[in-house]
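Notes for the structure review
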Amino acid sequence: MRRGPIRPAFWLVCAWVAAIAVVVVLVLDAERNALSRAERSATAMAQVIEEHTARTSQSVSLTLAAIADAWRLSRPAAHDAAFRGLLRERLQDLPYVRAIFVIGPDGRIAHDTDYPNTPAVSLADRDYFRAHREEPALKRAISTPMLSRTPGAGWFVSLTQRIGSDEHFEGIVVAAMHPGYFESLYGRMRHGQDELIALFHRNGTLVARSPALPSDIGRSFTHLPLFSRLESDPVGSYAVEHGHILPGRRIVAYRTVPGWPFVVHVSYSRDAVLAGWRRSALGAAIAMTALTLLLAGVIARDMRAARKRRAQREQREQAERMEAMGALTGGIAHDFGNLLGVIGNSLHLLEAGGADARAQALGMARRAVLRGREMTDRLLTFARRKPLEPRPADLNALLADAHPLIAQALTAQIELVLQLAPGLPLALIDVSQFEMAVLNLVVNARDALGGRGRIVLRTYADAGGAPCLAVEDQGPGMPEAVRRRAMEPFFTTKGAAGTGLGLAQVYGFMHQIGGALRIDSKPGAGTRVHLCFASTSAVPPRTPATSTPRSPSR
Ligand code: ADP
Ligand code: MG
């Protein structure tokens, strides 16, 4: 009974531990998935931007080559309107280029889409110009970001093309590429506030970034891990804890643009990537907490209920014990009171009566003493205080010997049937108490039958091979409440006609000789009382009669 609520609680706790483990695994897996999805997405985005950057640079480069060819064909005078028209026409096709201009060999601007706002400055000192003038082999170049000398034009990256032959330097065509164009394009491509798209020059200088921060353009970012990785891995991704362009932990993907000195960079904030996951994990944690509390509540309730049931059972058992003791004391007091009454009357008669009355009184007193001895005998047997002498005996032979005594107690309308199994091992039995026990059981069966019917005395070997006797009747049987208490001394349902000591004697006797007593009875199903004895495991010398129905009346 005590283990009842513990077992389900144990399995509940096991299920709970398993559920927690599964949820933890799922949550960790979901985090890993979210991170790797973000890395894949950043890589894909970097690839798109890389291709766009390559195509953009390519088309600018082709345009400059075409302009250089056109210049060579016509060799137009400075600020020739028709040639400027050609430049402007070409500029229209290149939204990421702010201006196209031609610098003469002296470093002065000869043709310009900004004309007439062309600044009257010499560009002979610009690195990109000097590089072409001093390096005949350099046909095409891309600069790092520079601040324009045209007022208000801001940052640009120059893409330049040499004009003229190897021997004869005739100047360069310049396309001023505009970081703002890239920044607004990246701004449209970004998924969220925390995503950073940036374009670097191969030497670590920032060309454009979104979200835009003008003060970052032209700054060197060679300290970023991607610039130390580029040599071995032109394409890659990594996670960084801190110290990136934007603060916090980030997931970074980068790609060099093949054929061009650009590096594309895309990075996501780890916090933003895991925001959705965090919400689910929090939900799971709340659900698991709720489940835990619920489980704890259920287990606590079960344990409380079990404790209560135990307390109630103990209370009931205590009450039953007290009632049994009351019945026992009451029974003894009542029976001895009766006997003392009889003896008292007898003494009175002995004192005062005549000779006849005195003889009768002596007889009454003697019978009362005998009944008192009989009662104490039974009580002592129940209390297992009566010295017994169990000896190996053949159960079947004992029953045959006890038959006349038993028959005496029955009426003519009751048939007594002996069903004796042969070959039983010897039983350890005290013979006189055994006869008394059988008599008590047969009398009970007689009372249950109401004086008419059949009583079977059956011997058998139980599953363990022990010799057993069953006393069976087809009487009304006992309700459970009676069956439970039937062996209590003085428990009787027969009123003044009963002593309540019959089964008590059988019980005490069986216990004292190391046997077992079992009452199998239900209302309407008759009663079978089984006595199983300790055996000496020796086979009896004389084989008993087989099943012999016998009636005492015949
Ligand atoms: P008593 O026979 O004096 O009542 P017992 O101790 O022999 O006392 O039996 C106790 C009670 O058990 C009986 O009063 C009866 O209610 C019940 N009982 C015993 N044997 C049987 C039986 N064979 N069939 C039905 N009830 C029985
Ligand atoms: Mg009885």
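Residues numbered from 1 in each chain as written. Chains lettered and ligands numbered in written order. Predicted model: local features only at pLDDT ≥ 70, side-chain atom pairs only at ≥ 80, totals over all residues. Heavy atoms only, no water.

1. Observations regarding the packing of helix 9 (residues 395-408) against helix 10 (residues 431-449)
When two helices pack together, their arrangement is given by the angle between the helix axes and the distance between those axes. This is how the line gets drawn: Think of each axis as a best-fit line through the C-alpha atoms, taken over the contacting stretch in the case of a helix, with angles from 0 to 180 degrees between the N-to-C directions. Under the DSSP-based scheme used, a helix requires at least four consecutive residues in state H or I and a strand at least two consecutive residues in state E, with every element numbered from the N terminus. When an angle is under 35 degrees it counts as roughly parallel; over 145 it counts as roughly antiparallel; between 65 and 115 it counts as roughly perpendicular; any other value is oblique. Each crossing is labelled by how the near helix is turned from the far one, with a counterclockwise turn of less than a right angle marking it left-handed and a clockwise turn marking it right-handed. Any pair of residues with heavy atoms lying within 4.5 Å of one another is described as a contacting pair. Note that Gly is not counted as nonpolar here; it falls among the polar residues with everything else outside the nonpolar set of Ala, Val, Leu, Ile, Met, Phe, Trp, Tyr, Cys and Pro and the charged set of Asp, Glu, Lys and Arg.
Contact geometry for helix 9 and helix 10: axes closest at 10 Å, N-to-C directions at 60°. The orientation of helix 9 relative to helix 10 falls into the category oblique. Crossing handedness for the pair helix 9 and helix 10: right-handed. Along its contact with helix 9, which presents Leu395, Leu398, Leu399, Ala402, Leu405 and Ile406, the element helix 10 presents Val431, Phe434, Glu435, Val438, Leu439 and Val442. Partitioned by chemical class, the residues of the contact of helix 9 with helix 10 number 11 nonpolar, no polar and one charged.

2. Section: the packing of aromatic side chains
Defined as follows: Only Phe, Tyr and Trp rings are paired, with Trp represented by its six-membered ring, and only when their centres lie within 6.5 Å; those with planes under 30 degrees apart are stacked, over 60 edge-to-face, the remainder tilted. Only protein chains enter the accessibility calculation, which uses a 1.4 Å probe. A residue is then buried if its area is under 20% of the maximum for its type, exposed if over 50%, and partly exposed in between.
Across all of its chains, the model carries nine aromatic pairs by this definition. When the ring of Tyr96 is compared with that of Tyr181, the centres are 5.1 Å apart and the planes differ by 55°; the resulting orientation is tilted. Taken together, the residues span a long stretch of sequence, with Tyr96 in the loop between helix 2 (81-92) and strand 1 (97-103) and Tyr181 in helix 4 (residues 179-189) at a distance of 85 residues. Of the two residues, Tyr96 and Tyr181, both sit in the buried class.

3. Notes on the site of ligand 1
The following threshold applies: Here a residue is near a molecule or strand as soon as one of its heavy atoms is found within 4 Å of it. The definition of a polar contact used here is a pair of N or O atoms within 3.5 Å, where within protein one atom must be able to donate a hydrogen and the other to accept one, and adjacent residues in sequence count solely through side-chain atom pairs. The protein chains shown are the only cover counted for residues, whose accessible areas, like all others here, come from Shrake-Rupley with a 1.4 Å probe.
The environment of ligand 1 is formed by 18 residues, the closest being Asn444, Thr492, Thr493, Lys494 and Thr499. Residue Asn444 places a side-chain N or O atom 2.7 Å away from an oxygen atom belonging to ligand 1. Here an oxygen atom of ligand 1 sits 2.4 Å away from a polar atom, N or O, in the side chain of Thr493. Considering ligand 1 on its own, with 530 Å² of exposed area, one finds that the protein chains cover 92% of that surface. Listing elements by their share of the shell around ligand 1, those giving two or more residues are helix 10 and helix 12 (502-512). At three residues, the largest contribution of residues to the shell around ligand 1 is made by helix 10. Here the residues of the shell around ligand 1 sort into eight nonpolar, eight polar and two charged.

4. Remarks on helix 12
Of all 11 residues that make up helix 12, eight are buried, and the element is covered over most of its length. Among the residues of helix 12, Gly502, Leu503, Ala504, Gln505, Val506, Gly508, Phe509 and Met510 are the ones counted as buried. Those residues of helix 12 hidden inside the fold are in contact with helix 8 (355-382), strand 14 (427-429), helix 10, strand 17 (516-521) and strand 18 (527-532). The positive-phi residue at the C-terminal boundary of helix 12 is Gly514, with phi of around 80°.

5. Let's talk about the side chain of Thr63
As for its position among the elements, Thr63 is in helix 1 (residues 6-74). Residue Thr63 is classed as buried on the basis of its relative accessible area of 10%. Within the structure, the side chain of Thr63 is placed 2.8 Å from the backbone oxygen of Ser59, a separation counted as a polar contact. Look past the residues within four positions of Thr63 in its chain and what remains in contact with it is Arg90 and Leu94.

6. Quick word on the pattern of salt bridges
Test applied: The rule for a salt bridge is simple: a side-chain nitrogen of Lys or Arg has to be within 4 Å of a carboxyl oxygen of Asp or Glu.
The tally for this structure, following the rule as stated, stands at 24 salt bridges. The residue Arg98 makes a salt bridge to Asp114 at a minimum N-O spacing of 3.3 Å. Linking Arg98 in strand 1 with Asp114 in the loop between strand 2 (109-112) and helix 3 (127-134), this pair joins segments that are 16 residues apart in sequence. Given a relative accessible area of 27%, Arg98 falls into the partly exposed group. Look at Asp114 and you get buried, because its relative accessible area is 18%.

7. So, helix 3
Where we set the bar: Picture the helix axis, draw a direction to every C-beta atom, and the arc is the one those directions span.
For helix 3, every residue scored as buried is listed here: Tyr128, Phe129 and His132. Buried residues in helix 3, looked at end-on, bunch into an arc of 100°, giving them a common side. Opposite its buried face, helix 3 presents the exposed residues Asp127 and Glu134, each directed more than 90 degrees away.

8. Points about the pairing of strand 10 (residues 250-256)
Where we set the bar: Whether two strands pair comes down to DSSP finding at least two bridges between them.
For strand 10, the buried fraction is high: seven of the seven residues fall into the buried class. Pairing between strand 9 (residues 235-240) and strand 10: six bridges, direction antiparallel. Within the sheet, the bridge partner assigned to Ala239 lies in strand 10 and is Ile251. Bridge count for strand 10 against strand 11 (residues 262-269) is seven bridges, and the pairing is antiparallel. Looking across to strand 11, one finds that Arg250 is bridged to Ser269. Hairpin connection from strand 10 to strand 11: five residues lie between these consecutive antiparallel strands, with Gly259 at a positive phi of about 85°.

9. A few points about the environment of Ala38
Along the chain, Ala38 turns up in helix 1. Residue classification places Ala38 among the buried positions, given a relative accessible area of 7%. A sequence separation of 498 residues divides Ala38 from Thr536, and the C-alpha atoms of the two residues are 84 Å apart. Once residues within four sequence positions are removed from consideration, Ala38 is found in contact with Ile251, Tyr268 and Val273.

10. A short note on the sheet that holds strand 11
Strand order in the open sheet formed by five strands is 8-7-11-10-9, with antiparallel pairing between adjacent strands. Strands at the two margins of the open sheet, each flanked by one partner only, are strand 8 (206-210) and strand 9. Adjacent strand axes in the sheet meet at a mean angle of 15° when their direction is disregarded. Where helix 4 meets the sheet, its contacts fall on strand 7 (196-201) and strand 8, and the angle it forms with strand 8 comes to roughly 30°.

11. Focus on the packing of helix 10 against helix 12
With their axes 9 Å apart at the nearest point, helix 10 and helix 12 run at an angle of 145° to one another. Relative to helix 12, the crossing made by helix 10 is left-handed. Judged by residue contacts, Gln433, Phe434, Met436, Ala437, Asn440, Leu441 and Asn444 of helix 10 engage Gly502, Leu503, Gln505, Val506 and Phe509 from helix 12. Considered class by class, the residues forming the contact of helix 10 with helix 12 number seven nonpolar, five polar and no charged.

12. With respect to the domain arrangement of the protein
When the parts come together, some accessible area is lost, and that loss is often what is quoted as the size of the interface. Short version of the rule: For the domains described, the bounds stem from an automatic or database domain assignment. Summed over both partners, the accessible area (1.4 Å probe) lost when two parts come together is defined as the buried area.
Taken domain by domain, the protein consists of domain 1 (1-273), domain 2 (276-382) and domain 3 (391-532). A C-alpha centroid distance of 24 Å is found between domain 2 and domain 3. The interface is formed by 13 residues belonging to domain 2 together with 17 residues belonging to domain 3. Contact with domain 3 buries area across many residues of domain 2, yet Arg378, Thr381 and Phe382 alone supply 53% of it, more than any other trio. Connecting domain 2 to domain 3 are two salt bridges. Measuring nitrogen to oxygen at the nearest pair gives 2.8 Å for the salt bridge that ties Arg485 to Glu323. Taken together, domain 2 and domain 3 are joined by four residue pairs in polar contact (both at pLDDT 80 or more). Residue assignment for the side of domain 2 that touches domain 3 shows that the elements contributing at least two residues are helix 7 (275-352) and helix 8.

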